[in-house]
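Spelled out from the first residue to the last, the chains are:
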Amino acid sequence: MDITGRLQEQVQDAYAAQRPLRIRAGTTKSFYGRPVDADAELDLREHSGIVDYQPAELYVTVRAGTRLRELQETLAGQGQTLAFEPPCHGEDSTIGGVVACGFSGPARPYAGSARDHLLGVRILDGRGQDLRFGGHVMKNVAGYDLSRLMVGAQGSLGVLLELSLKVLPLPARHMTFVQERQMAAAIKEMQRWEAQPIPLSASAWMDGQLYLRFSGAESALAGLRACVGGDLLLPAEATQFWAQLRDQQLPFFAPGSALWRLALPTGTPPVLMELPQLLEWGGSIRWLRGDASAEEIRAQTASRNGYAIQYRGAPNPHPLPPLSEPLRILHGRVKDAMDPRHILNPGRLYADL
Amino acid sequence: MEEATHTPAEQDFLRALAAALPAERVRSGRESLQPYECDGLSVLRELPLCVVLPQDREEVQTLLRLCRQYQIPVVPRGAGTGLSGGARPVAGAVLLSLARMNRILDIDLENRTARVQPGVRNLAISEAVRPFGFYYAPDPSSQIACSIGGNVAENSGGVHCLKYGLTVHNVLALEVLTADGEVLHLGGLTPDVPGYDLLALFIGSEGLLGIVVEVTVRLLPVPENTVVLLAAFAELSLAADAVSAIIAAGIIPAGLEMMDRLAIQAAEDFVHAGYPRDAAAILLCELDGSAEELVERVALVEEILRRQGADSIRVARDPDTRALLWKGRKAAFPAVGRMAPDYYCMDGTIPRGRLAEVLEQIARWSEEIGLAVANVFHAGDGNLHPLILYDANAAGQIAAAESFGQRILALCVEVGGSITGEHGVGVEKLDSMCVQFSAAELETMHRIKGAFDPEGRLNPGKAIPTLHRCAELGAMHVHGGVLPFPELERF
Ligand SMILES: Cc1cc2nc3c(=O)[nH]c(=O)nc-3n(C[C@H](O)[C@H](O)[C@H](O)COP(=O)(O)OP(=O)(O)OC[C@H]3O[C@@H](n4cnc5c(N)ncnc54)[C@H](O)[C@@H]3O)c2cc1C
Ligand SMILES: Cc1cc2nc3c(=O)[nH]c(=O)nc-3n(C[C@H](O)[C@H](O)[C@H](O)COP(=O)(O)OP(=O)(O)OC[C@H]3O[C@@H](n4cnc5c(N)ncnc54)[C@H](O)[C@@H]3O)c2cc1C
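Reading the values: rules and limits
Residues numbered from 1 in each chain as written. Chains lettered and ligands numbered in written order. Predicted model: local features only at pLDDT ≥ 70, side-chain atom pairs only at ≥ 80, totals over all residues. Heavy atoms only, no water. Phe/Tyr/Trp six-rings, centres within 6.5 Å; stacked < 30°, edge-to-face > 60°. Helix = DSSP H or I, 4+ residues; strand = E, 2+ residues; numbered from the N terminus. Buried < 20%, exposed > 50% of the residue type's maximum accessible area, 1.4 Å probe, protein only. Axes fitted to C-alpha atoms, helices over the stretch in contact; angles between N-to-C directions. Parallel < 35°, antiparallel > 145°, perpendicular 65-115°, else oblique. Left-handed = near helix turned anticlockwise from the far one by under 90°. Contact = heavy atoms within 4.5 Å. Nonpolar A, V, L, I, M, F, W, Y, C, P; charged D, E, K, R; others polar. Domains from an automatic or database assignment. Buried area = accessible area lost by both parts, 1.4 Å probe. Salt bridge = Lys/Arg side-chain N within 4 Å of Asp/Glu carboxyl O. Polar contact = N/O pair within 3.5 Å; in protein donor to acceptor, adjacent residues only side chain to side chain. Near = heavy atom within 4 Å. Areas by Shrake-Rupley, 256 points an atom, 1.4 Å probe, with all protein chains shown as cover. Arc of directions from axis to C-beta.

Draft legend 1. Here's a closer look at the packing of aromatic side chains. Residue and element names in this part refer to chain A. Applying the stated criterion to the full structure yields twelve aromatic pairs over all chains. An angle of 80° between the planes, with centres 6.1 Å apart, marks the rings of Trp 193 and Phe 214 as edge-to-face. Placement of the pair is Trp 193 in helix α6 (residues 183-194) and Phe 214 in strand β12 (residues 209-216), with a sequence separation of 21 residues. Here Trp 193 matches Phe 214 in class, with each residue buried. When the ring of Trp 287 is compared with that of Tyr 311, the centres are 4.9 Å apart and the planes differ by 85°; the resulting orientation is edge-to-face. Of the two residues, Trp 287 sits in strand β16 (residues 285-289) while Tyr 311 sits in strand β17 (residues 307-312), which places them 24 residues apart along the sequence.

Draft legend 2. Representation of the packing of helix α14 (residues 355-369) of chain B against helix α15 (residues 397-414) of chain B within the structure. Residues and elements named next belong to chain B. Contact pair α14 / α15: the axes reach a minimum separation of 11 Å and the direction vectors enclose 160°. Viewed along their axes, α14 and α15 adopt a mutual orientation that is roughly antiparallel. By crossing handedness, the relation of α14 to α15 is classed as right-handed. Where α14 abuts α15, its residues Val 358, Gln 361, Ile 362, Trp 365, Ser 366, Glu 368 and Ile 369 lie against Phe 404, Arg 407, Ile 408 and Leu 411. Considered class by class, the residues forming the contact of α14 with α15 number seven nonpolar, two polar and two charged.

Draft legend 3. Examining the domain arrangement of chain B more closely. Residues and elements named next belong to chain B. Under the domain assignment, chain B is made up of domain 1 (3-97), domain 2 (104-221), domain 3 (225-332) and domain 4 (340-473). Each of domain 1 and domain 2 was reduced to a C-alpha centroid, and the two centroids are 24 Å apart. Tallying the contact residues gives 13 residues for domain 1 and 16 residues for domain 2. In total, about 1,200 Å² of surface goes out of reach between domain 1 and domain 2, with carbon and sulfur atoms giving 60% of it. Counting the contacts that link domain 1 with domain 2 gives one salt bridge. In this structure, the salt-bridge partner of Arg 57 is Glu 175, at a minimum N-O distance of 2.9 Å. One can count two residue pairs in polar contact (both at pLDDT 80 or more) joining domain 1 with domain 2. With six residues, the top contributor of residues to the side of domain 1 that touches domain 2 is helix α3 (residues 57-70). Of the residues belonging to the side of domain 1 that touches domain 2, the class tally is five nonpolar, five polar and three charged.

Draft legend 4. Looking closely at the site of ligand 2. Residue and element names in this part refer to chain B. As a matter of local geometry, ligand 2 sits amid 34 residues, with Pro 76, Thr 81, Gly 82, Ser 142 and Ser 147 nearest to it. Between ligand 2 and Ser 141 there is a distance of 2.9 Å, counted from an oxygen atom to a backbone nitrogen or oxygen. In the model, an oxygen atom of ligand 2 is placed 3.3 Å from a nitrogen or oxygen of the Asn 459 side chain. In isolation ligand 2 exposes 970 Å². Once the protein is present, 95% of that is buried. Elements that contribute at least two residues to the shell around ligand 2 include exactly β3 (74-77), α5 (148-154) and β10 (211-218). Each residue belonging to the shell around ligand 2 can be placed in one class, and the counts come to twelve nonpolar, 18 polar and four charged.

Draft legend 5. Quick peek at helix α10 (residues 294-302) of chain A. Residue and element names in this part refer to chain A. Taken together, the buried positions of α10 are occupied by Ile 297, Arg 298 and Thr 301. Burial along α10 is one-sided: seen end-on, the buried residues are contained in an arc of 95°. Packed against the buried residues of α10 are β14 (259-263) and β17.

So this is what it looks like as structure tokens:
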């Protein structure tokens, strides 16, 4: 259903009254990020449905409130997919929520991120204006790229109404190999495979085991069994493993102690070895469990040109690392340009945005 | 000397500049400015106040701080190969050439990245890392000359962008100086850096938001095997439909390019690539992957091409033949340039399914107007490059070529595409921006500009038209592919 009119009215009213709105979709990611300082809600869930899907043109235009599952079923019906493998944090996860949070799945280092697959958006800005940026063609450099700017902004720069996303053919086949490896050796091994011109499509390390997934045509995978080594997972097992990793359903992610997400340059040797860890994205993402001090974790990552996000766990008013001063000022100005009265998800990303 | 024509403020600025930077970094006087009076769009010329060629970041900073102090605008320039007038000087402004900042600073094989200065040529990066088995994917046809800083500013594409993405997909981090000379670090070596994606916003911003002083790019492993297919067609529309058929079959070639008769002949005369001269159109399709995969893919693409009516298909497997086939394509612009005194290169994008009808419409207009058009373009991306041939010295031909070009761009928007796929807006397509965007959208872009450069000192008058200009033009904004009054004659 298209409820643009209603949503626009609500944002315009909120702008006039200077009353902040909490943008709400599936409510599957409320664990993530900061609480929004707002008592009024803008509900996107009814704003759903596919607006335009052209399989031969490799794009789909979809309303933001569309359930991710529903979108994926439609694409799969045409043998296509969102190649960034968006995580599905629950039945009610919406494509708008995924793009607003900038979440991508296991294929991200090899196939690109959510923002890499976004072609265009239709948004309501903080004045309630109905705006379009980008488009649905693959190449478009007319004006500033305001569509990709929305990815990861968590709704603080605009309400996503419609998204045009690039879609790609589903790979005919996947093969997942498992090898026994210590963490340090696994990191080296992931590096080694990433430097080869082969169809690596996911990599992860957990409990002393390295998982490598390759995807493509039958013929593209033909020679791999001989050269990769390790145990080949059964297709059903492999599918389940990567889906559970993507949606954070593996036991590693179970509720309990704090969950940290460390991002590091891929080749970084093991850090904070005393804490339980799960690695993915070629070693550039390291999930940590346990109650080490935030200062210690941040110091360890910053000294290696990385950053750490407290993803879940004990309340932390600053889950994201602070921005440098010039960037903080610039973020404020970009926010003011898009949402001058700070009515869209204020405080969700950073306290002053 | 020109001193006399400078305002007192400009003279003060030039004196301060002379005191702050070594003499050989600054050029002034008509003769030394002339080589910089235009970029690749040579119909638009202007002399800058002076040209400054800094050697490092600190010198750029010194310059920007002086420009702030004396309120002097700045136009950045890389190699000057841009085709939309983005680096065309502005009267009274400094032309800031980044060409001398051309060092590769670091190649990190472990993380497969290269950190380079903005003046490094695109091809130089791939050349430097090829011994290690890597390359930098975006490969504009101008890659021997154009700079990585210019690529970032334009979000440039190339033949291999169909599979490997544009500049925005292959740049990991930027070091940027704001109009005030403040250093910003955008993006990083780690994925999804916290905060707004200012890296994506900056790429393609045409020198309006900041000066790029360092670029970190992602390197890819060179594919194991590569094959290039050349298919000849007796009709343009057959070739166009073959493009859609290949993509619709679930194949994403590494490159999929198309050339029409005029372009084929020009390229043959120029580099003797071995193209069939009698064909109405050719497709060049590059496939890469493992040996086993290629056997299967090549057979599949051959079958599709035959089914779509290809008269002949050549398969080039060895590096020399492949290079020769690509040479004709990469030299096509200069080759077409030999056929007429001047040509005007357009850059619209359209959905691939509309290729045939749009190319046919362009051919009809070409006949009506009496200016020949050669087509050589990134067909797989739906990125058209009609080259309108004209003679600047013949009365009325410049204006005729320009209005023909604008018609083509309006048609691109009308069928659901864009006025520019990779060359940018610059000064050339300001009017067409009024067709693609609403007043509110353009106003939003001006606000973004204001967030980065509140005093509007960087590349003024480029990329985003003023609302006033659009109003005067009376251009009709096409929304979602629908013109306000489709029944009315518009051209
Ligand atoms: C009664 C109630 C009270 C709540 N109180 C709070 C509270 O005080 N603080 C709090 O943080 N959460 C609260 N929540 C949860 C809140 O709705 C979500 O945390 C938050 O809005 C995330 O949205 P989501 O999980 O529904 O959407 P998801 O689909 O999971 O979206 C995640 C993020 O994307 C944003 N987003 C989603 N769709 C769009 C879109 N189309 N355009 C732009 N941005 C979009 C969301 O705002 C959110 O930031 C409450 C929920 C309920 C039901
Ligand atoms: C024969 C020919 C073929 C071409 N083929 C292609 C193609 O296949 N694909 C494609 O995308 N383009 C192509 N182009 C266009 C052009 O080469 C690209 O736009 C290129 O990226 C421009 O780079 P440059 O260094 O020459 O930049 P310039 O022309 O010098 O500048 C381009 C823009 O970038 C800005 N700029 C330059 N350097 C910086 C910096 N360091 N910081 C901030 N702003 C900066 C300038 O202000 C200007 O707006 C072609 C051009 C020619 C002449």
